[in-house]
Amino acid sequence: MTETELSGALFKNDKDGVDKRPDYRGDIKIKGVVYRLSAWIKQGNKGPYLSISANPPLTDEDVPF
């Protein structure tokens, strides 16, 4: 888990044969909140790039049971 404010890390994700899963997963800490990061390698007009998504951590209220 990320310890330092405004820093994070991405690690290669085991996609288990599911192409829609992110190529990389990790986290970043912003204002004391650790966000989950997902990244996909995509191909653009100027070559490959990373498309990144950040999601806040799940809370007890997010769990349906």
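Before any of the text, the structure's been laid out above.
Here the structure is a predicted model, which is why all the values come from computation and not from measurement. (Residues numbered from 1 in each chain as written. Predicted model: local features only at pLDDT ≥ 70, side-chain atom pairs only at ≥ 80, totals over all residues. Heavy atoms only, no water.)

**What to know about the side chain of Ser38**
Part 1: Mapped onto the elements, Ser38 comes out in strand E3 (residues 33-44).
Part 2: Within the local environment of Ser38, its side chain forms a polar contact with the side chain of Arg25, the two groups lying 3.4 Å apart.
Part 3: If near-sequence neighbours (up to four positions away) are discounted, Ser38 is found in contact with Pro22, Tyr24, Arg25, Ser51, Ile52 and Ser53. (Helix = DSSP H or I, 4+ residues; strand = E, 2+ residues; numbered from the N terminus. Polar contact = N/O pair within 3.5 Å; in protein donor to acceptor, adjacent residues only side chain to side chain. Contact = heavy atoms within 4.5 Å.)

**Focus: a nonpolar patch on the surface**
Part 1: Nonpolar side chains collect at one region of the surface, where Leu10, Ile41, Leu50 and Ile52 lie side by side and expose about 340 Å² of accessible area between them.
Part 2: Assignment of secondary structure puts Leu50 in strand E4 (residues 47-55). (Patch = residues over 30% accessible without salt bridge, like charges linked within 9 Å, V, L, I, M, F, W, Y side chains within 5 Å. Areas by Shrake-Rupley, 256 points an atom, 1.4 Å probe, with all protein chains shown as cover. Salt bridge = Lys/Arg side-chain N within 4 Å of Asp/Glu carboxyl O.)

**Some details on the environment of Glu5**
Part 1: Locating Glu5 in the fold gives a position in the segment before strand E1 (8-12).
Part 2: In this structure, the C-alpha to C-alpha distance between Glu5 and Val34, residues 29 residues apart in sequence, is 9.2 Å.
Part 3: Not counting chain neighbours up to four residues away, the residues in contact with Glu5 comprise Lys29, Ile30, Lys31 and Gly32.
Part 4: A polar atom in the side chain of Glu5 sits 2.2 Å from the backbone nitrogen of Lys31.

**Considerations on the pairing of strand E2 (residues 24-30)**
A regular strand places its side chains on the two faces of the sheet in alternate fashion.
Part 1: Pairing between E1 and E2: five bridges, direction antiparallel. If you follow Gly8 over to E2, its bridge partner there is Ile28.
Part 2: In the sheet, E2 pairs with E3 via seven bridges, with the strands oriented antiparallel. By the bridge assignment for E3, Lys29 is matched with Val34.
Part 3: In this structure, the hairpin formed by E2 and E3 is closed by a connection of two residues, where Lys31 is found at a positive phi of approximately 50°. (Pairing = 2+ DSSP bridges.)

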